[in-house]
Amino acid sequence: MLNLSATLIAFLSFVAVVLFICVIAYRNADRLEAFVERKFRKRSHRHNGDLK
């Protein structure tokens, strides 16, 4: 049978890692948004130019 305290520690560690990743992504959201906007803006101009 699984040791429930070990399972609880593993689960809480997983939750802590996911929350940490979310906090880091939230703090860098402006930079990430600017990066994604630059990448997709370049692609969308190419696609719009091909459709004309």
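Structure: above.
Parameters at a glance
Residues numbered from 1 in each chain as written. Predicted model: local features only at pLDDT ≥ 70, side-chain atom pairs only at ≥ 80, totals over all residues. Heavy atoms only, no water. Helix = DSSP H or I, 4+ residues; strand = E, 2+ residues; numbered from the N terminus. Areas by Shrake-Rupley, 256 points an atom, 1.4 Å probe, with all protein chains shown as cover. Patch = residues over 30% accessible without salt bridge, like charges linked within 9 Å, V, L, I, M, F, W, Y side chains within 5 Å. Salt bridge = Lys/Arg side-chain N within 4 Å of Asp/Glu carboxyl O. Buried < 20%, exposed > 50% of the residue type's maximum accessible area, 1.4 Å probe, protein only. Polar contact = N/O pair within 3.5 Å; in protein donor to acceptor, adjacent residues only side chain to side chain.

S.K.: Explain the overall build of the chain to me, using residue names and the numbers behind them.
M.R.: Of regular secondary structure, the chain possesses two helices and zero strands. Carbon and sulfur atoms form 68% of the exposed surface of the chain, whose accessible area is close to 5,300 Å².

S.K.: Hey, could you go over a nonpolar patch on the surface for me, with residue numbers and the actual values?
M.R.: Taken together, the side chains of Leu8, Phe11, Leu12, Phe14 and Val18 make up a nonpolar region of the molecular surface, amounting to roughly 510 Å² of accessible area. The topology assignment puts leucine 8 in helix 1 (residues 4-27). Take leucine 8: its relative accessible area is 49%, and that puts it in the partly exposed class.

S.K.: Before we move on, could you go through the pattern of salt bridges and cite the residues and values that matter?
M.R.: Tallying each qualifying case throughout the model produces one salt bridge. Ionic pairing is found between arginine 41 and glutamate 37, a salt bridge with its closest N-O pair at 2.7 Å. Taken together, the residues span about one helical turn, with arginine 41 and glutamate 37 both in helix 2 (residues 29-51) at a distance of four residues.

S.K.: Can you lay out the environment of arginine 41 for me, pointing to particular residues and giving the numbers?
M.R.: Judged by relative accessible area, which is 43%, arginine 41 ranks as partly exposed. Here glutamate 37 takes part through its side chain, which lies 2.7 Å from a polar atom of the side chain of arginine 41.

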